[in-house]
Every structure is written in structure tokens, then in C-alpha cells.
Amino acid sequence: MTQDAKENATVDWRGAVPVSRRFDDPYFSLEDGLAETAHVFLAGNGLPERFHDGFQVAELGFGTGLNLLAALRLWRESGQEGVLHYTT
């Protein structure tokens, strides 16, 4: 494991948005992160239309967990029963 892989992320805050100190990159939209997630992640993946019991979501980075929380909220609001698997 490299030294970089052992480092914890350091963030500054711009309002309610965490911004990486190392890359000066916001974790999500400075204007409306939830709207961005709804458009890019949820609608971009055709959710909730594709939901079914045992549906699996996999993403490469957890970040703030916003995608997870938005997907779980949509799962519950859709009335889908069963299990949603989420790997990150």
C-alpha cells in the first residue's frame, strides 16, 4: 500500500459542501448536490424503473455517501419490497 492510500481526506467547507483540500474539488455540486445526484446518478441509471428485489448498485467511491442515501430514499419511496444491495 502506498503512503497516499493511507492518507485521510482533508476537506474545507464551502457552505454545506465539502471540498477536497488536496484537489480543490467539491464532492458534489456547490449549488444543489442532491439535484445533481438525482439527475446524474439516479435518472442516469434509469432508477427507480430498474429496481427489483435483490437489485445491486456498485460504485467506485463512497465520497460523502450522498448517492447511497439518495438511492435508499428512492428505493423506499418507490414502494419496492425486498433487498437493495449497495457496494462501494
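Residues numbered from 1 in each chain as written. Predicted model: local features only at pLDDT ≥ 70, side-chain atom pairs only at ≥ 80, totals over all residues. Heavy atoms only, no water.

A. The arrangement of the packing of aromatic side chains in detail. Applying the stated rule across the entire model yields 2 aromatic pairs. Relative to Phe-55, the ring of Phe-51 lies with its centre 5.5 Å away and its plane at 80°, an arrangement referred to as edge-to-face. For the pair shown, Phe-51 and Phe-55 are each scored as buried. Residues Phe-51 and Trp-75 carry aromatic rings whose centres are separated by 5.0 Å and whose planes lie at 70° to one another, so their mutual orientation is edge-to-face. One end of the pair, Phe-51, is in the loop between helix H2 (33-42) and strand E4 (55-58); the other, Trp-75, is in helix H3 (residues 66-78), with 24 residues separating them in the sequence. Among the residues examined, Phe-51 registers a relative accessible area of 8% and is labelled buried. Taking the relative accessible area as the measure of exposure, Trp-75 reaches 6% and is therefore buried. (Phe/Tyr/Trp six-rings, centres within 6.5 Å; stacked < 30°, edge-to-face > 60°. Buried < 20%, exposed > 50% of the residue type's maximum accessible area, 1.4 Å probe, protein only. Helix = DSSP H or I, 4+ residues; strand = E, 2+ residues; numbered from the N terminus.)

B. Spatial organisation of the pairing of E4. By the alternation rule, side chains of E4 split into Phe-55 and Val-57, which are all buried, and Gln-56 and Ala-58, of which none is buried. In terms of strand pairing, E4 meets strand E5 (residues 84-87) through 4 bridges, oriented parallel. The residue of E5 that forms the bridge with Gln-56 is His-85. The β-α-β motif built from E4, the intervening H3 and the parallel element E5 has right-handed crossover chirality. (Pairing = 2+ DSSP bridges. Right-handed = clockwise from strand over helix to strand, strands pointing away.)

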